[in-house]
Amino acid sequence: MQRAAALVRRGCCPRTPGPWGRSQSSAAAEASAVLKVRPERSRRERILTLESMNPQVKAVEYAVRGPIVLKAVEIELELQRGIKKPFTEVIRANIGDAQAMGQQPITFLRQVMALCTYPNLLDSPSFPEDAKKRARRILQACGGNSLGSYSASQGVNCIREDVAAYITRRDGGVPADPDNIYLTTGASDGISTILKILVSGGGKSRTGVMIPIPQYPLYSAVISELDAIQVNYYLDEENCWALNVNELRRAVQEAKDHCDPKVLCIINPGNPTGQVQSRKCIEDVIHFAWEEKLFLLADEVYQDNVYSPDCKFHSFKKVLYEMGPEYSSNVELASFHSTSKGYMGECGYRGGYMEVINLHPEIKGQLVKLLSVRLCPPVSGQAAMDIVVNPPVPGEESFEQFHREKESVLGNLAKKAKLTEDLFNQVPGIHCNPLQGAMYAFPRIFIPSKAVEAAQAHKMAPDMFYCMKLLEETGICVVPGSGFGQREGTYHFSSKQRPGAQELIQKSAEMMHPKHGSSLLSGTHCTACADPAGMAARVAERAGAAQPGFTHQE
């Protein structure tokens, strides 16, 4: 019909016989007559619009891939087209994608993954026997001996067994049951899945989910998507981002007026704040959860990333069991781990697991049902997780190289953490707490009043305005603290500790410094002057660190 109408409009209807003996001109005439009877209608309204879409999805925000990152992509394209900028590259410090930023993969992990992906390599003498042994075990547990097959919804059984054995070793003999292990598409999948089961009710009985502020934006995003109630508890910035149980009590009591607080989320080591919780703090949190009847979620994906010699990672599972049966038999706990962080940095494989203990048997069946809707997590990601929890051990062929590479990555990250902290603290108007663990810094920025007014004129949060100007002036891409949450009247940004050269971090700090031409903190004298109460000195004293070297800017 449309083709006939086009022929009529163009007047290109030669008088040649058509396939049924009629001329094309007569066919066009018929088409024209039909069009007159049934004129073309205008395009109908879209079914899916911003007004008609799911309002919970529209409410979702995810700062680490928000407007700042979109602007960074735009600037990168401009640089590629030869448009001149005050810088030659965009420095990505917005997300913990270690290998995208230069971290080298662990050889043993990639060897096993290569063998699993292309089993013909099992006959190659180029691969060590301990890698072949693990690959064969994984493949034998897969349908058709192939990573390309579906697995059970809970995950490949032998990998769940290896995860349970890893947890038992990590926790000094505290038993782990493979039946309580669920392999996931990264830790994020496990967190969102368990929250789906936990959220219920309406009005004042709607589930409240307690999350730390600052938080990893996944939590607020999932809470928005599920239309749950976000209950904020604030970490103590003046005490190296410590978790204070009195603050938990305040938050839960205030929340009871408008929701049913049912879930308590802990991120340890902290993202984006980099703190490591003490054992005493974890005991206090578990007792609080037991007392208030809260379901605990322990996000422990940075458990390998502890840098301070005064800190040690304690798993919630281990501390829970060591507190005795009154707690270990009653407190419901879901713990999460991933291939993406630690020394592995294998973000793209999307491997992870959750261990869920003290779950009601009937709810366990509901959880497996929910997981079965997405069939199974990527089997390649499951295999990568297996290598993380079942690495080479002393006496095996690959152990020395594996151990050397692992310690090199963690050692470099520890050096970058200290370097990042020291260099940020040399910039007037910026203060960074000691970085005890994880892979991020969350420094506080003291933004002059004129800059706050300028941000308000642009209808932007002051730290968003700061980060956007930082990107435009220096090419450094960091995420504003408002995307993670912060106390009112304070401003921060989140920065990834890059595994690259020290010169890059040095360059970043120098470019932020007013004496190097940055207008971002012009008018700021120094953090000590901007904070007459001496917040920085108190933080340094409580953390047992030397006071940062603040410079007075004339």
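A. Layout of the overall build of the protein. For the protein, the helix and strand inventory stands at 21 helices and 14 strands. Within the protein, the fraction of its 554 residues that count as buried is 52%. Of the contacts formed within the protein by residues at least 6 apart in sequence, a portion of 71% connects residues at least 24 apart. When the accessible surface of the protein is split by element, carbon and sulfur atoms take 51% of a total near 25800 Å².

B. Summary view of helix H7 (residues 157–170). Compared with an ideal rise of 1.5 Å per residue, which puts 14 residues at 20 Å, H7 spans 20 Å between its outermost C-alpha atoms and is within 8% of the ideal. Within H7, burial applies to Cys158, Ile159, Arg160, Asp162, Val163, Ala164, Tyr166 and Ile167. Tucked into the core, H7 has its buried residues touching helix H6 (129–140), strand S2 (181–185), helix H12 (316–322), strand S7 (333–338), strand S8 (351–357) and helix H15 (379–389). Immediately beyond the C-terminal end of H7, within one or two residues, lies Gly172, with a positive phi of roughly 65°.

C. Quick peek at the pattern of salt bridges. Inspection of every chain in the model, using the stated rule, returns 22 salt bridges. One connected set of salt bridges, linked through shared partners, spans Arg137, Glu161 and Asp162.

D. Representation of the pairing of strand S3 (residues 207–213) within the structure. Along S3, 7 of the 7 residues are buried, which leaves the element largely enclosed by surrounding structure. Burial along S3 is two-sided: Thr207, Val209, Ile211 and Ile213 facing one way and Gly208, Met210 and Pro212 facing the other are all buried. Bridge analysis of S3 against strand S4 (residues 229–234) gives 6 bridges, and the strand direction is parallel. Bridge pairing in S4 links Pro212 to Tyr233. The handedness of the S3 to S4 crossover, carried by helix H9 (residues 218–225), is right-handed.

E. Structural detail: the environment of Gly186. With respect to the helices and strands, Gly186 occurs in helix H8 (residues 186–198). Sequence separation between Gly186 and Tyr353 is 167 residues, and the spatial gap between their C-alpha atoms is 7.1 Å.

F. Main features of the sheet that holds strand S10 (residues 440–441). Strands sit in the order S10-S14-S13 across an open sheet of 3 strands; the sheet is antiparallel. Bordering the open sheet on either side are S10 and strand S13 (479–480), each of which pairs with just one other strand. Pairing geometry for S10 and strand S14 (residues 493–496), over 2 bridges, is antiparallel. Bridging across to S14, Ala441 finds its partner in Ser495.

G. A look at unusual backbone geometry. For the peptide bond that leads from Ile213 to Pro214, omega is 5°, which places it in the cis range. Following the sequence through the fold, Pro214 ends up in the loop between S3 and H9. Residue Pro269 follows Asn268 across a cis peptide bond; omega there is -10°. Tracing the backbone through its elements, the reader meets Pro269 in the loop between strand S5 (260–267) and helix H11 (279–292). Of note, Trp241 is a non-glycine position whose phi angle comes to about 60°, a positive value. Judged by its relative accessible area of 4%, Trp241 falls in the buried class. The backbone of Leu375 sits at a positive phi, close to 65°, despite the residue not being glycine. Looking at where Leu375 falls in the secondary structure, it is placed in the loop between helix H14 (361–373) and H15. According to the relative accessible area criterion, Leu375 is partly exposed, its value standing at 42%.

H. View of the nonpolar core. Among the nonpolar cores identified, the biggest contains 105 residues, and Leu147, Ile194, Leu195, Leu297 and Tyr353 are the most heavily contacted of them. Excluding residues that lie within four positions of it along the chain, Leu147 makes contacts with Met113, Cys116, Thr117, Ile138, Leu139, Cys142, Val379, Ser380 and Ala383. Formed by 33 residues, the second largest nonpolar core is a distinct cluster that contains Val245, Ala255, Leu296 and Ile357.

I. Geometry of the packing of aromatic side chains. Applying the stated criterion to the full structure yields 7 aromatic pairs. The interplanar angle of 65° and the centroid separation of 5.8 Å between the aromatic rings of Trp241 and Phe442 together place this pair among those described as edge-to-face. Here the residue Trp241 occupies a position in the loop between S4 and helix H10 (245–255), and Phe442 occupies one in the loop between S10 and strand S11 (444–445), the gap between them amounting to 201 residues. Look at Phe442 and you get buried, because its relative accessible area is 3%. Judged by centre distance (5.8 Å) and plane angle (70°), the ring pair of Phe442 and Phe484 falls under edge-to-face. Placement of the pair is Phe442 in the loop between S10 and S11 and Phe484 in the loop between S13 and S14, with a sequence separation of 42 residues. For Phe484, a relative accessible area of 2% puts it in the buried group. Within the aromatic cluster, the residues linked to one another by ring pairs are Trp241, Phe442 and Phe484.

J. Focus on the sheet that holds S4. Strand order in the open sheet formed by 7 strands is S2-S8-S7-S6-S5-S3-S4, with mixed pairing between adjacent strands. Two strands in the sheet have a free side with no partner beyond their single neighbour: S2 and S4. Neighbour to neighbour, the strand axes of the sheet diverge by 25° on average, direction disregarded. Against the sheet, H7 contacts S2, S7 and S8, and its axis sits at roughly 110° relative to S2.

K. Summary view of H14. A rise of 1.5 Å per residue sets the reference length of H14, with its 13 residues, at 18 Å; its end C-alpha atoms lie 19 Å apart and thus fit the reference within 8%. Backbone geometry just downstream of H14 places Leu375 in the positive-phi region, at approximately 65°.

L. Region of the structure containing the confidence of the model for the protein. Averaged over all residues, the pLDDT of the protein is 83; the fraction at 70 or higher stands at 81%. Predicted confidence for residues 4–16 stays below pLDDT 50, and this span has 16 contacts to residues more than four positions away or in other chains. Here residues 523–554 is a poorly scored stretch, pLDDT under 50, and it has 60 contacts once near neighbours within four places are set aside; other chains count.

So, how was this worked out
Residues numbered from 1 in each chain as written. Predicted model: local features only at pLDDT ≥ 70, side-chain atom pairs only at ≥ 80, totals over all residues. Heavy atoms only, no water. Helix = DSSP H or I, 4+ residues; strand = E, 2+ residues; numbered from the N terminus. Buried < 20%, exposed > 50% of the residue type's maximum accessible area, 1.4 Å probe, protein only. Contact = heavy atoms within 4.5 Å. Areas by Shrake-Rupley, 256 points an atom, 1.4 Å probe, with all protein chains shown as cover. Expected span 1.5 Å × (residues − 1). Salt bridge = Lys/Arg side-chain N within 4 Å of Asp/Glu carboxyl O. Pairing = 2+ DSSP bridges. Right-handed = clockwise from strand over helix to strand, strands pointing away. Core = buried A, V, L, I, M, F, W, Y, C linked by side-chain atoms within 4.5 Å. Phe/Tyr/Trp six-rings, centres within 6.5 Å; stacked < 30°, edge-to-face > 60°. Axes fitted to C-alpha atoms, helices over the stretch in contact; angles between N-to-C directions. pLDDT = per-residue confidence, 0-100.

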